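Letter by letter, the chains look like this.
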Amino acid sequence: MSRMSRAVVDVDGTKKPVPIWGPEAFEGMRAAGRLAAMTLDHITPMVRPGVSTGELDREIERFMRAHGGIPATIGYPHRDQPDNPFPAASCISVNHVVNHGIPSFAKKLKEGDTLNIDVTVILDGWYGDTSRMFIVGRPEKVPVKARRLIEVTYEAMWAGIRAVRPGATLGDVGYAIQKVAETNRFSVVRDFVGHGIGRKFHDAPEVRHFGKPGEGLVLEPGMFFTIEPMINAGRAEVKILADGWTAVTRDREPSAQFEHTVGVTEDGVEVFTLSPAGFEKPPYPI
């Protein structure tokens, strides 16, 4: 199913060997990625003014389990706080929340909000991880800067994905993302990165969303990882709230994120988490 090459080590990130997966693993990742994407497709019509992020999360969990999946984030351990596992089936991050927003039945969405919904599902032991941005209500009620930020973040993610191919480096991927963001006068969050994925939620390599061409891990067919840039309208700095999970922009400017899980193929890249409904960026055709 997979082999581990001792020669391929994530020397610039995790310092751990990078799994090299075979054809059967691609099949498993396609199924897990599709279910993750289907979950976001399913929840899309529910994202509207007045709904709580807790309600969205409850439906996300129900849908995953109804389709044979397990929400990977429920009970996921905190790196520094063993008694503070993540409590929900999704991360829902609204407006200036960068990531790891905890869903709440008290948090009601209002028209003009923007949010990222990040889901990870386990299906037959494989992990599918994806996120998308959403807008609440009429697009014209969303501030122009926030709308532009969503567009640029989407473009940046795809610039990174298009850089993935055998022989390219993770520096090439990070540089492609960084160039799109900074050309548009936005900033790339440095505190959080993409990650290897497969039979584990978080594995080698560490995937930074900034970098220099030609530097970093050389990509090989069979590597799986996420590309999930977090782009801020203002400065790149973030802070963690008292719950230990929620990251917000320090300057309270809006943040945006898109995420796909990808695999390096013999001649390029395969995206495992494309939307079956064609919902790639907002506004979505409901």
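So, here's what we can say about the structure. As the structure is a computational prediction, the values presented were derived from the model and not from experiment.

1. Observations regarding the overall build of the chain
Then step 1. When helices and strands are tallied, the chain shows four helices and 17 strands.
Then step 2. In terms of overall dimensions, the chain has a C-alpha envelope of 50 × 45 × 40 Å along the principal axes.
Then step 3. Classification of the 286 residues of the chain by burial places 57% in the buried group.
Then step 4. Looking at the chain alone, contacts between residues at least 24 apart form 69% of all its contacts between residues at least 6 apart.
Then step 5. Carbon together with sulfur atoms contributes 52% to the accessible area of the chain, which is approximately 12400 Å² in total.
Then step 6. Side-chain charges in the chain split into 34 positive and 36 negative, and the spacing between the mean points of these groups amounts to 4 Å.

2. Remarks on helix α4 (residues 170-183)
Then step 1. Relative to the 20 Å expected for 14 residues at 1.5 Å per residue, α4 spans 20 Å between its end C-alpha atoms, a close match to the ideal helical length.
Then step 2. Among the residues of α4, those classed as buried are Leu170, Gly171, Val173, Gly174, Ala176, Ile177, Gln178, Val180 and Ala181.
Then step 3. Taken from the residues just after α4, Arg185 is the one with a positive phi, measuring 65°.

3. What about the sheet that holds strand β12 (residues 230-232)?
Then step 1. A sheet is described by the order of its strands in space; here three strands give the open sequence β8-β12-β15, paired in antiparallel fashion. Every interior strand has two partners, whereas the edge strands, β8 (187-188) and β15 (255-257), have only one.
Then step 2. Bridge analysis of β12 against β15 gives three bridges, and the strand direction is antiparallel. Pairing of Ile231 across the sheet is with Ala256, part of β15.
Then step 3. Taken strand by strand, helix α3 (residues 144-162) contacts β12 and β15, and its axis lies near 35° from that of β15.

4. Digging into the sheet that holds strand β5 (residues 97-99)
Then step 1. The strand order across the open sheet built from three strands is β5-β14-β13, with neighbouring strands paired in antiparallel fashion. A strand with exactly one partner marks an edge of an open sheet, and here the two such strands are β5 and β13 (238-240). With strand direction ignored, the average angle separating the axes of adjacent strands in the sheet is 40°.
Then step 2. Sheet topology note: the β5/strand β14 (residues 247-249) ladder contains two bridges and is antiparallel.

5. Looking at the layout of surface pockets
Then step 1. By volume, the largest pocket is sized at about 980 Å³.
Then step 2. In terms of lining residues, the largest pocket is bounded by 32 residues, among which Tyr76, Arg79, His100, Phe192 and His202 are the most central.
Then step 3. Of all elements in the fold, only β6 (114-123), β9 (194-196) and β10 (203-207) reach the threshold of two or more residues within the lining of the largest pocket.
Then step 4. Taken together, the residues that form the lining of the largest pocket break down as 12 nonpolar, 12 polar and eight charged.

6. Side note on unusual backbone geometry
Then step 1. Cis geometry marks the peptide bond from Ala204 to Pro205, where omega comes out at 10°.
Then step 2. You can see Pro205 is positioned in strand β10.
Then step 3. Pro282 connects to Pro283 through a cis peptide bond whose omega is 0°.
Then step 4. Tracing the chain through its elements places Pro283 in the segment after β17 (269-271).
Then step 5. Positioned with a positive phi, Arg252 is a non-glycine residue whose angle comes to about 65°.

Conventions used here
Residues numbered from 1 in each chain as written. Predicted model: local features only at pLDDT ≥ 70, side-chain atom pairs only at ≥ 80, totals over all residues. Heavy atoms only, no water. Helix = DSSP H or I, 4+ residues; strand = E, 2+ residues; numbered from the N terminus. Buried < 20%, exposed > 50% of the residue type's maximum accessible area, 1.4 Å probe, protein only. Contact = heavy atoms within 4.5 Å. Areas by Shrake-Rupley, 256 points an atom, 1.4 Å probe, with all protein chains shown as cover. Lys, Arg positive; Asp, Glu negative; His and termini not counted. Charge placed at Lys NZ, Arg CZ, Asp CG, Glu CD. Expected span 1.5 Å × (residues − 1). Pairing = 2+ DSSP bridges. Axes fitted to C-alpha atoms, helices over the stretch in contact; angles between N-to-C directions. 1 Å grid on protein atoms, 1.4 Å probe; cavity = no way out; pocket = protein on both sides within 12 Å on 5 of 7 lines; lining within 4 Å. Points joined across faces, edges and corners; volume = space filled by probe spheres on them. Nonpolar A, V, L, I, M, F, W, Y, C, P; charged D, E, K, R; others polar.

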